[in-house]
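# Structural features, examined
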Amino acid sequence: GAVVSQHPSRVICKSGTSVKIECRSLDFQATTMFWYRQFPKQSLMLMATSNEGSKATYEQGVEKDKFLINHASLTLSTLTVTSAHPEDSSFYICSANHATGGEEKLFFGSGTQLSVL
Amino acid sequence: SQKIEQNSEALNIQEGKTATLTCNYTNYSPAYLQWYRQDPGRGPVFLLLIRENEKEKRKERLKVTFDTTLKQSLFHITASQPADSATYLCVSMDTGRRALTFGSGTRLQVQP
């Protein structure tokens, strides 16, 4: 089946530094990828839609200058949390659409736990 | 606005029983609904997809129904096992507008 690889799985950083998270579709091409954050015991919150070759579309309330998204190729999207602060600590997950058997499904990365000290 | 509602309270059942989770949608008609399983600290994993013109879909011990009149999808796990304990998410994707709507997820706990 389709695989989405996300790295790193866990990162601890100091306040004020920037952190880059990678999301790769390993065996299919993804023109669109999605980025979410999730707080403990809460559901996924869609942050932005990453579009290959164009600007990302951000959900209301998500700062685009804070969460930089780059989708430079059909298999890679990156999310950079700039000048991270403790309130940015969260579980970040990416996903990509892939049509299999005539049905379009979401395939998720394994997530990145970000802890900002 | 589009909205999906899942029971936010955890569902606790005894091993061997059938678990039934509910997903209700309002203010739109999704082309299809998807169900995912999420374990703590992991990304969701796809389980089943059901289209609006399908009443029911099955996969091993899993069954999903789609009632466009009630605007509801039910997700059943028969002969439940402790390993089925996880959070189950209902997701709809409007292929026309490429809009995703997530339910808040329901946590299932199967007691041995």
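This text follows the structure it describes.
First, a word on what this report is: a plain description of the structure on this page. (Residues numbered from 1 in each chain as written. Chains lettered and ligands numbered in written order. Predicted model: local features only at pLDDT ≥ 70, side-chain atom pairs only at ≥ 80, totals over all residues. Heavy atoms only, no water.)

## Some remarks on the state of the cysteines
- Applying the stated criterion across every chain yields a total of two disulfides over all chains.
- The residue that forms a disulfide with Cys-23 of chain A is Cys-94 of chain A, at a sulfur-sulfur distance of 2.0 Å. Between Cys-23 of chain A and Cys-94 of chain A, the S-S dihedral sits near 80°, and the bridge is therefore right-handed. With Cys-23 of chain A in strand β3 (residues 19-25) and Cys-94 of chain A in strand β9 (residues 90-100), this pair connects stretches of sequence that are 71 residues apart. Per residue, the accessibility class of Cys-23 of chain A equals that of Cys-94 of chain A, and both read buried.
- The residue that forms a disulfide with Cys-23 of chain B is Cys-90 of chain B, at a sulfur-sulfur distance of 2.0 Å. On the sign convention where negative is left-handed, the bridge of Cys-23 of chain B and Cys-90 of chain B, at about -65° about the S-S bond, is left-handed. Residue Cys-23 of chain B is located in strand β3 (residues 19-26), and its partner Cys-90 of chain B is located in strand β9 (residues 86-94); the two are separated by 67 residues in the primary sequence.
- We note that Cys-13 of chain A lacks a disulfide partner, and the nearest cysteine sulfur, in Cys-94 of chain A, lies 18 Å from it.
- The class for Cys-13 of chain A is buried, based on a relative accessible area of 9%. (Disulfide = S-S within 2.5 Å. Helix = DSSP H or I, 4+ residues; strand = E, 2+ residues; numbered from the N terminus. Buried < 20%, exposed > 50% of the residue type's maximum accessible area, 1.4 Å probe, protein only.)

## A look at the side chain of Ser-25 of chain A
All names here are of chain A.
- On the secondary structure map, Ser-25 appears in strand β3.
- Side-chain polar atoms of Ser-25 contact the backbone oxygen of Phe-28, separated by 2.7 Å.
- If we skip the residues at most four places from it in the chain, Ser-25 touches Val-3, Ala-30, Met-33, Leu-74 and Thr-75. (Polar contact = N/O pair within 3.5 Å; in protein donor to acceptor, adjacent residues only side chain to side chain. Contact = heavy atoms within 4.5 Å.)

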